[in-house]
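# Chains, contacts and geometry: an overview
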Amino acid sequence: MKICVFSDYTSLSAACADGIETLIKEKPDAVLGLATGASPEGAYEELIRRSRAGELSFRAVKTFNLDEYCGLPRADRNSYYSFMWEHLFGHIDIAPENARIPDGNAPDLAAECLAYDEAIKEAGGIDLQVLGIGRNGHIGFNEPADAFTKGTHVTRLTKSTIDANKRYFDDNPMPEAAITMGIGTIFSAKRIVLLATGKKKAEAIKNTVQGDISPRQCPASILQLHPDVTLLLDEEAASLLG
Ligand code: PGA
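Quick summary incoming for the structure in this document. Note that this is a predicted model, so its numbers are computed, not measured.

So, how was this worked out
Residues numbered from 1 in each chain as written. Predicted model: local features only at pLDDT ≥ 70, side-chain atom pairs only at ≥ 80, totals over all residues. Heavy atoms only, no water. Phe/Tyr/Trp six-rings, centres within 6.5 Å; stacked < 30°, edge-to-face > 60°. Helix = DSSP H or I, 4+ residues; strand = E, 2+ residues; numbered from the N terminus. Buried < 20%, exposed > 50% of the residue type's maximum accessible area, 1.4 Å probe, protein only. Pairing = 2+ DSSP bridges. Axes fitted to C-alpha atoms, helices over the stretch in contact; angles between N-to-C directions. Contact = heavy atoms within 4.5 Å. Expected span 1.5 Å × (residues − 1). Arc of directions from axis to C-beta.

### Here's the deal with the packing of aromatic side chains
- Under the defined criterion, the tally for this structure stands at seven aromatic pairs.
- With a centroid separation of 4.8 Å and an interplanar angle of 45°, the aromatic rings of Y69 and Y80 are classed as tilted. Of the two residues, Y69 sits in strand β4 (residues 67-69) while Y80 sits in helix α3 (residues 80-87), which places them eleven residues apart along the sequence. The two residues Y69 and Y80 agree in class, both being buried.
- Relative to F141, the ring of Y69 has its centre 5.7 Å away and its plane inclined at 40°; by these criteria the two rings are tilted.

In structure tokens form, the structure reads like this:
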């Protein structure tokens, strides 16, 4: 694992954008795996800036998002569909049909999961997967569990995740289930870049880098076995690394 520690979020975000820009310049039809959440927002802002400046085009790029809530209308401001269009897709020249997000409202969720993994395969696999990490070590919505998950699947969210995300839902109940790429799906990406900032992520980062490889203690610990993982951290997130 390569670990890069930054003194501020702007330079961490720029480093993530640099990796994506370099890939797209080498391979204009690159396949990106994308994450939602606060962690990648700065990188997306930077990509929008570069795209508006004419430095970068997403015309042939394909993207696959990690996850989506189940049962939340796409138009809801808390859906990951809304997040991605607000924070990235609505401001770059990506073809809408190339920006895939799992459909958490599909009438047959099991079929949607299979079709999602199939679409990733058909696209040639993910060249670069961007990840955040949960306080409990989840990646995507792969919560601590007895075994590492394989493909895209429906999952119940844990209390830790609901507590971390419910602030966005005001008085509305937060969905308790989500559709997520599996650990196997994520692990198949050729390159992985994981972003983490703040003290609340320090324990999860320590477990990811130095803990036992354990789906219960820290789902992200499986990344120790991946050949091309870079962690982009701020000093607080890196503070428990020995
Ligand atoms: P965050 O979420 O980027 O909003 O901290 C990350 C996650 O829970 O996976």
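Let's pick the thread back up.
### Re the sheet that holds strand β8 (residues 177-180)
- Pairing in this open sheet of three strands is antiparallel, and the strands run β4-β8-β7 from one edge to the other. Each of the sheet's edge strands pairs with one partner strand only, and the pair in question is β4 and β7 (153-156). On average, each strand axis in the sheet is inclined to that of its neighbour by 25°, with strand direction left out of account.
- By the bridge criterion, three bridges tie β4 to β8 in an arrangement that is antiparallel. Bridged to E68 within β8 is I179.

### Things to note about the sheet that holds strand β9 (residues 191-196)
- Taken in spatial order, the seven strands make up an open sheet running β1-β10-β9-β6-β2-β3-β5, and their pairing is parallel. Edge positions in the sheet fall to β1 (2-6) and β5 (99-100), since each has one partner strand and no second.
- Of the pairings in the sheet, the one linking strand β2 (residues 31-34) to strand β6 (residues 128-131) comprises two bridges and is parallel in character. Residue pairing across strands places L32 opposite L128, the latter belonging to β6.

### Digging into the environment of F6
- When you line up the elements, F6 lands in strand β1.
- Residue classification places F6 among the buried positions, given a relative accessible area of 17%.
- Along the sequence, F6 and L157 sit 151 residues apart, while their C-alpha atoms lie 31 Å from each other.
- Non-local contacts of F6, meaning those with residues more than four positions away in its chain, are made with S11, L12, A15, L232, L233, D234 and E235.

### Quick word on helix α4 (residues 109-122)
- Taking 1.5 Å as the rise per residue, α4 with 14 residues should run 20 Å; its terminal C-alpha atoms sit 20 Å apart, in good agreement.
- If you check which residues of α4 are buried, you get E112, C113, Y116, A119 and I120. Buried residues along α4 cover an arc of 130° about the axis, so they all sit on one side. Every exposed residue of α4 that faces more than 90 degrees away from the buried side is listed here: A110, L114, K121 and E122.

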